[in-house]
Structure formats: structure tokens, C-alpha cells
Amino acid sequence: MLAVWGTSFIFVKVGLAYSPPFIFAALRQIVGAAAMLPFLLNKREAIPKSRRELFPLLLLGIFNITLTNGASFTALQTVPAGLATVIAYTQPVWVFVFAVVILKESSNARKVLGTLLGFLGISIIFLPGIQVSQAYLGGQTLLVFSSFAWAIGAILFKAKVKTESLYMVNFIMLLFGAAPLLAVSLLTENLGSIQWTPTFAVSLFQLGILAQSVGWTLWLFLIRRLGASKTSSSLFLTPIVTLVVGVVFLNESLSALEVIGASAALTGTYLVSRSL
């Protein structure tokens, strides 16, 4: 999951060269849901029918998919992927606050220190090499909003979703989340401007099937099993995956700051995991 999500912003940036943002975000969810359908049919998973089950899934789709993806895809048209990563991964900080206040998860000094260290580590890795421009301000605001919505989605899932099958939860969440994105796209974008190239297809495969079908199912499982704070703290490791990919496959070298930042993120994640 971390390996896939660690490169997702890169694939979003690549895909945006071939598609408007809202239809691209909607296609991501549709591809992800379509990939899950044969599995659900084979397993004969029961479809939730009661309002009590469906309404939380609707909210989950709005916060985790519509708002998170709509805001981040729009922002990534202008904001560099590195800066976007730093802002997006404030999510564990929001989750920590919400989990303590709303879910009444336990809090202690180790957990607070771990959360702060994790975010500090991400900032050390990415911020020094980024030239922050006034032109990014709108995109930065959207990314903060996206992170906030994603955190609310994590809390909603832990607190309200009772549907047993996580495959069905993810499938319905993707469909509910895709519908508003598709509606906005039909009203505001030229669908004929999509360039159906092999590169765009690869982006959709990574973002739709790997990140949404597989990644989100695993993410929901971990939140249900381990709790919102502990699961979200693992996101601090995602940028480290990006660094490792660069070193192993692209022969890139690590700077001293990147090593320090990675160490801080690892330490923060360890502290949070040991405090629960």
C-alpha cells in the first residue's frame, strides 16, 4: 500500500497532462470499482440496502473520494508533487486530533511526539528543494482541504460504518464518490480533450486498480483492525518509499537532510505504534 501510494501523486501529475482533473478523478474511481466487480460477484457479496448502512457509505464516498480527489487533482495542476506530498500528509495530524476528540482514542506524550516527528520528517525531506510561489497558494489551500476531508473520512469509517465486507464498502464508496466528480466534469470540462495514450492508461491502472481497489481495501482493513491514529501514522513512511524507489531504480543519491528526515519519520511512526 505504501509503495503504491508513495508514487500516486507522480501518476496524477503524469495523467493530468492528458486529461482534465475532474473526469480523470472520476475515471480513477470507476476503473477501481470495475476492477472489484468480478471479485464481488464471485464472492456473492450482499449489497447493503438499509439507509442505516448506505448513508455512512455515502458520506465516506463524499469525504474520502469526492472532496479528497477533487481538491487534490485540481491542486496538482499547479503545485509540485513534492510540496503536495508534504501538505497532503498532514492527514495523520488531523486524524490524531479527531481520533482523540471524537473517537476517544488514548493520547500520551509518546503519541504526540511521534505524530509531530513524523510530519517534521516529511517536511525535512521535501521542503528544502521546493521553491514556494504565490502562484501555488490556491493549490496549497485545496491540498489542506483535501487532507482534512481524508482525515474526516477515516474517522467516519471507524465510527459509523458497520458493513462487514470491506470489499463492498470500498466498491460502494468509490461509486458514490465518483458520481459528483463525474457530474462536475460533465458541466465544466470538455471530455473530448482526453488523450487516450498508453501513458494515460498506465496512470489509470496505477491510480484506479492498485491505489483504489487494492490500496483502499487494505487501508480500511487496517483502520478497522488497528485504529485510525495508528493506521494513519504509517502514512509518514510513504515519502520514504519514494526515496527508496529513487535510490534503487533511478540510481539517485540521498542527501544528509533526506536521511535525517527519513529517520525522523521512521522514529515518529515507531513511537505512535508503540504508544497504542
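See above for the structure.
Residues numbered from 1 in each chain as written. Predicted model: local features only at pLDDT ≥ 70, side-chain atom pairs only at ≥ 80, totals over all residues. Heavy atoms only, no water.

Draft legend 1. Main features of the overall build of the protein chain. Helix and strand counts for the protein chain stand at 13 helices and 0 strands. The linear arrangement of helices and strands in the protein chain, starting from the amino end, is α-α-α-α-α-α-α-α-α-α-α-α-α. Per-residue burial over the protein chain gives 50% buried out of 276 residues. Sequence separation of 24 or more characterises 91% of the internal contacts of the protein chain that already satisfy a separation of 6 or more. Counting only carbon and sulfur atoms, one obtains 69% of the accessible surface of the protein chain, whose full area is about 12,800 Å². (Helix = DSSP H or I, 4+ residues; strand = E, 2+ residues; numbered from the N terminus. Buried < 20%, exposed > 50% of the residue type's maximum accessible area, 1.4 Å probe, protein only. Contact = heavy atoms within 4.5 Å. Areas by Shrake-Rupley, 256 points an atom, 1.4 Å probe, with all protein chains shown as cover.)

Draft legend 2. Spatial organisation of unusual backbone geometry. One non-glycine residue, Arg44, lies in positive phi territory at about 55 degrees. The residue Arg44 is located in the loop between helix H3 (21-43) and helix H4 (51-75) in this model. On the basis of relative accessibility, which here comes to 75%, the residue Arg44 falls in the exposed class.

Draft legend 3. View of the nonpolar core. Among the nonpolar cores identified, the biggest contains 53 residues, and Trp5, Leu60, Phe157, Trp216 and Trp219 are the most heavily contacted of them. The set of elements that each furnish at least two residues to this core consists of helix H2 (8-15), H3, H4, helix H5 (81-88), helix H6 (91-101), helix H8 (137-160), helix H9 (166-188) and helix H10 (198-226). Not counting residues up to four positions away in its chain, the partners in contact with Trp216 are Trp5, Asn64, Ile65, Trp150, Asn170, Met173 and Ala211. (Core = buried A, V, L, I, M, F, W, Y, C linked by side-chain atoms within 4.5 Å.)

Draft legend 4. Spatial organisation of the packing of aromatic side chains. Enumeration according to the criterion identifies 8 aromatic pairs in this entry. Aromatic side chains Phe24 and Phe200 sit 5.2 Å apart centroid to centroid with 50 degrees between the ring planes, which places their arrangement in the tilted category. Here the residue Phe24 occupies a position in helix H3, and Phe200 occupies one in helix H10, the gap between them amounting to 176 residues. Since its relative accessible area comes to 0%, Phe24 is described here as buried. Judged by its relative accessible area of 0%, Phe200 falls in the buried class. An angle of 80 degrees between the planes, with centres 6.4 Å apart, marks the rings of Trp216 and Trp219 as edge-to-face. Here Trp216 pairs with Trp219, and both are found in helix H10, just 3 residues apart, close to one helical turn. Look at Trp216 and you get buried, because its relative accessible area is 5%. In this structure an aromatic cluster arises from ring pairing among Phe24, Phe73, Trp196 and Phe200. (Phe/Tyr/Trp six-rings, centres within 6.5 Å; stacked < 30°, edge-to-face > 60°.)

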